[in-house]
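# Close look at the chain arrangement
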Amino acid sequence: MDYDVVVVGAGPAGCLAAKYAAKNGAKTLIIEEHASIGSPVQCAGLLSTKAIDACEVSFDKGFHPISGAFVYAPDGRRICISGGEIKAYVVDRRLFDRTLAENALRSGAEILMRTRACGIATRGNRRILHVTIEGEPDVIEADVVIGADGIQSSIARWTGLGTSENVLCGAQVNTVYDFDCCDCVEIFPGSCAPGFFAWAIPYHESARIGLAVRPTVTPGPKSRSISQSQPGSACWHLKWLLSEHRVVARKCRSGMTGLVVGGIPIGVLQRTAADSVLIAGDAAGQVKPTSGGGVYPGAVCAKIAGRVAADAVREGDTSARRLSEYDRLWRAEIGRELAIGKRINEWVARLGDSGLNRLIKVLDDDELLDLITRYGDMDYPSVVLRKLLMNTKSVGALLKLAPICLR
Ligand SMILES: Cc1cc2nc3c(=O)[nH]c(=O)nc-3n(C[C@H](O)[C@H](O)[C@H](O)COP(=O)(O)OP(=O)(O)OC[C@H]3O[C@@H](n4cnc5c(N)ncnc54)[C@H](O)[C@@H]3O)c2cc1C
């Protein structure tokens, strides 16, 4: 088998990279190790309207609209950020990823399922992918390999491009929950999810309740009743959240219909291009550190990767130097936003419960809530941060909290 571009991984990043490579004239193949696209799901499925546009997927009546968020301080105070306008949708990632794969096929890409990349070698200026197809060893040759193989990317490791600096551990259940408002998500920062936050996301009649934690942060509240899973792990915190959290435990029915666990990379790779290789999506750490959302940044970057790969093949130059155009272009598009997001994530993680209580108390103000509603953007949090730093009411409080974060 011989292709211009081979994409490893049929997640959102892989499908969009393949779509753009094929659209730009490259003979393109996607390989996916699983038997069906979008499974297993490792996602809450909350996508901003911008993310859905970036994925080039049209509105589907199965999407659940979201127009706002309740953010709960650890002491129970809550603020509501909602302008009534639809900002995001909750989707079924299985169906969503399949639509992306079909779009790639429509653009001319091919897909091989149950095909796993097992190794990569170089022959001249081409790459040889060692694979198993339905368990049988085989090889596929390519001018460019795009590694869109998720958080544990083998392609990035094998080609010396490394892995993300930090990985958050996520866990989520599907269950039934009494939402106060069926088009608002609920967010719980603080020690219930050390280093990140917990969430309750409505999806039609059901709910996705989950959290992500930073493994290096000391475990939060302890309870004897949850000692089955390892203390400090995402599942341990999730059990505590569901059974003992002052808000979640009250609103959540016991029992669950599904469990999702997975990692969220925080921090982008230093280099995402090597000779005949590009890395995109979670594999490159292209995830928003403020929300853990990887679909939007992955889509933006993967489309650039597909186009650059096809252009390089056409020009007959797939050297690292030529392919580094991808690195330059995606960093120019969202690199700064991801870097600011990482700083915000670190800053909030250091606040602790008392700092968060103080912060949310300050933000519980009509003028500031109006400002957050107007300028809040799930994909570009730096916009609202800049506005808050320019506001006389919030800047004083933010500066007072700064020493906690510098400790
Ligand atoms: C608990 C949790 C909740 C989340 N919630 C959200 C959310 O609400 N919104 C959001 O935007 N993001 C969310 N994310 C993140 C989001 O799921 C990822 O950022 C996104 O799926 C990344 O897409 P990707 O295409 O880069 O990688 P993936 O979706 O991980 O796809 C990689 C693909 O590569 C395949 N693969 C891997 N290795 C090989 C191999 N050797 N050979 C062949 N195939 C291979 C895998 O099978 C997989 O299909 C969440 C993550 C977690 C863990």
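Residues numbered from 1 in each chain as written. Predicted model: local features only at pLDDT ≥ 70, side-chain atom pairs only at ≥ 80, totals over all residues. Heavy atoms only, no water.

## Thoughts on the packing of aromatic side chains
A complete count under the given rule lists nine aromatic pairs for this structure. With centroids separated by 5.3 Å and ring planes inclined at 55°, the aromatic side chains of F59 and Y89 adopt a geometry described as tilted. In this pair, F59 sits in the loop between α2 (49–54) and β4 (64–66) while Y89 sits in strand β7 (residues 88–90), placing the two residues 30 residues apart along the sequence. Geometrically, the ring pair formed by Y296 and Y380 is edge-to-face, given 5.9 Å between the ring centres and 75° between the ring planes. Here Y380 lies in the loop between α9 (366–375) and α10 (382–390) and Y296 lies in helix α7 (residues 295–315), a separation of 84 residues in the sequence. Exposure class is identical for Y296 and Y380. Each is buried. Joined through ring pairs, the aromatic side chains of F59, F63, Y89 and F96 make up one cluster. The side chain of K23 reaches across the aromatic face of Y20, ending 4.5 Å from its centre. Positioned above the aromatic ring of Y375 is the side chain of K387, whose terminal nitrogen or guanidinium carbon lies 4.5 Å from the ring centre. (Phe/Tyr/Trp six-rings, centres within 6.5 Å; stacked < 30°, edge-to-face > 60°. Helix = DSSP H or I, 4+ residues; strand = E, 2+ residues; numbered from the N terminus. Buried < 20%, exposed > 50% of the residue type's maximum accessible area, 1.4 Å probe, protein only. Lys NZ or Arg CZ within 6 Å of the ring centre and 35° of its normal.)

## Here's the deal with the sheet that holds β4
The strand order across the open sheet formed by three strands is β3-β7-β4, and the pairing between neighbours is antiparallel. Each of the sheet's edge strands pairs with one partner strand only, and the pair in question is β3 (46–48) and β4. Along the sheet, successive strands turn relative to each other by an average axial angle of 30°, direction set aside. The sheet contact formed by β3 and β7 spans three bridges and is antiparallel. Counted as the bridge partner of L47 is Y89 from β7. (Pairing = 2+ DSSP bridges. Axes fitted to C-alpha atoms, helices over the stretch in contact; angles between N-to-C directions.)

## Some thoughts on the site of the ligand
By nearness alone, 32 residues border the ligand, and E32, H34, A44, L46 and D282 come closest of all. Backbone polar atom of A44 to a nitrogen atom of the ligand: 2.9 Å apart, as the coordinates give it. In this structure, an oxygen atom belonging to the ligand sits 3.0 Å away from a main-chain N or O atom of L46. Burial of the ligand by the protein amounts to 89% of the accessible area it has alone, namely 1000 Å². Contributing elements (two or more residues each) for the shell around the ligand: α1 (12–23), β3, β9 (115–123) and β16 (258–266). Class assignment of the residues belonging to the shell around the ligand gives a composition of 13 nonpolar, 13 polar and six charged. (Near = heavy atom within 4 Å. Polar contact = N/O pair within 3.5 Å; in protein donor to acceptor, adjacent residues only side chain to side chain. Areas by Shrake-Rupley, 256 points an atom, 1.4 Å probe, with all protein chains shown as cover. Nonpolar A, V, L, I, M, F, W, Y, C, P; charged D, E, K, R; others polar.)

## Looking at the packing of α7 against helix α8 (residues 320–363)
Contact geometry of α7 with α8 gives a least axis separation of 8 Å together with a crossing angle of 165°. With respect to α8, the element α7 is oriented roughly antiparallel. The two elements α7 and α8 cross, and the hand of that crossing is right-handed. Of α8, the residues touching α7 (which contributes P297, V300, C301, I304, A305, R307, V308, A309, D311, A312 and E315) are R322, L323, E325, Y326, L329, W330, E333, I334 and L338. (Parallel < 35°, antiparallel > 145°, perpendicular 65-115°, else oblique. Left-handed = near helix turned anticlockwise from the far one by under 90°. Contact = heavy atoms within 4.5 Å.)

## Focus on helix α5 (residues 234–244)
If you check which residues of α5 are buried, you get A234, W236, H237, L238, W240 and L241. Looking at the buried side of α5, the elements it contacts are β12 (166–175), β14 (197–203), β15 (206–213), α6 (248–251) and β16.

## Some remarks on the confidence of the model for the protein
Here the protein averages 92 in pLDDT, while 95% of its residues score no lower than 70. For the stretch residues 222–228, pLDDT sits under 50, and the model shows 10 contacts to residues farther than four places along the chain or on other chains. (pLDDT = per-residue confidence, 0-100.)

## Topic: the environment of T272
Structurally, T272 can be placed in the loop between β16 and β17 (273–274). Between the alpha carbons of T272 and V300 there is a distance of 14 Å; along the sequence they are 28 residues apart. Once residues lying within four places of it in the same chain are set aside, the contact partners of T272 are L161, V277, L278, I279, A284, Y326, D327, W330 and R331. Of note is the side chain of T272, whose polar atom sits 2.4 Å from the side chain of D327. Of note is the side chain of T272, whose polar atom sits 3.0 Å from the side chain of W330.

## Section: the domain arrangement of the protein
One can read the domain layout of the protein as domain 1 (2–56 + 92–165 + 267–334), domain 2 (65–90 + 167–265) and domain 3 (340–406). Of note, the centres of domain 1 and domain 3, computed from C-alpha atoms alone, are 35 Å apart. Listed as interface residues are 12 residues of domain 1 and, on the opposing side, nine residues of domain 3. Taking both sides of the interface into account, the surface hidden between domain 1 and domain 3 amounts to around 910 Å²; carbon and sulfur atoms contribute 55%. Linking domain 1 to domain 3 there are three salt bridges. In this structure, D379 engages K288 in a salt bridge whose closest nitrogen and oxygen atoms are separated by 2.7 Å. Between the two partners, domain 1 and domain 3, sit six residue pairs in polar contact (both at pLDDT 80 or more). (Domains from an automatic or database assignment. Buried area = accessible area lost by both parts, 1.4 Å probe. Salt bridge = Lys/Arg side-chain N within 4 Å of Asp/Glu carboxyl O.)

## Digging into the pairing of strand β13 (residues 184–189)
With five of six residues buried, β13 is to be regarded as a mostly interior element. Relative to β13, strand β5 (residues 68–72) runs parallel, the two sharing four bridges. Within β13, the residue paired with F70 across the bridge is E186. Relative to β14, β13 runs antiparallel, the two being bridged by four bridges. The residue bridging P189 from the neighbouring strand is F197, located in β14.

## Focus on the nonpolar core
Of all hydrophobic cores here, the largest spans 52 residues; its most connected members are V5, I52, C55, F96, I146, L278 and Y326. Every element with two or more residues in this core is listed here: β1 (2–8), α1, α2, α3 (93–106), β11 (136–147), α7 and α8. Sequence-distant contacts of I52, that is, excluding residues within four places in its chain, are made with L47, V57, F63, Y89, V91 and F96. Residues V173, F179, A198 and W240 belong to the second largest nonpolar core, which totals 23 residues. (Core = buried A, V, L, I, M, F, W, Y, C linked by side-chain atoms within 4.5 Å.)

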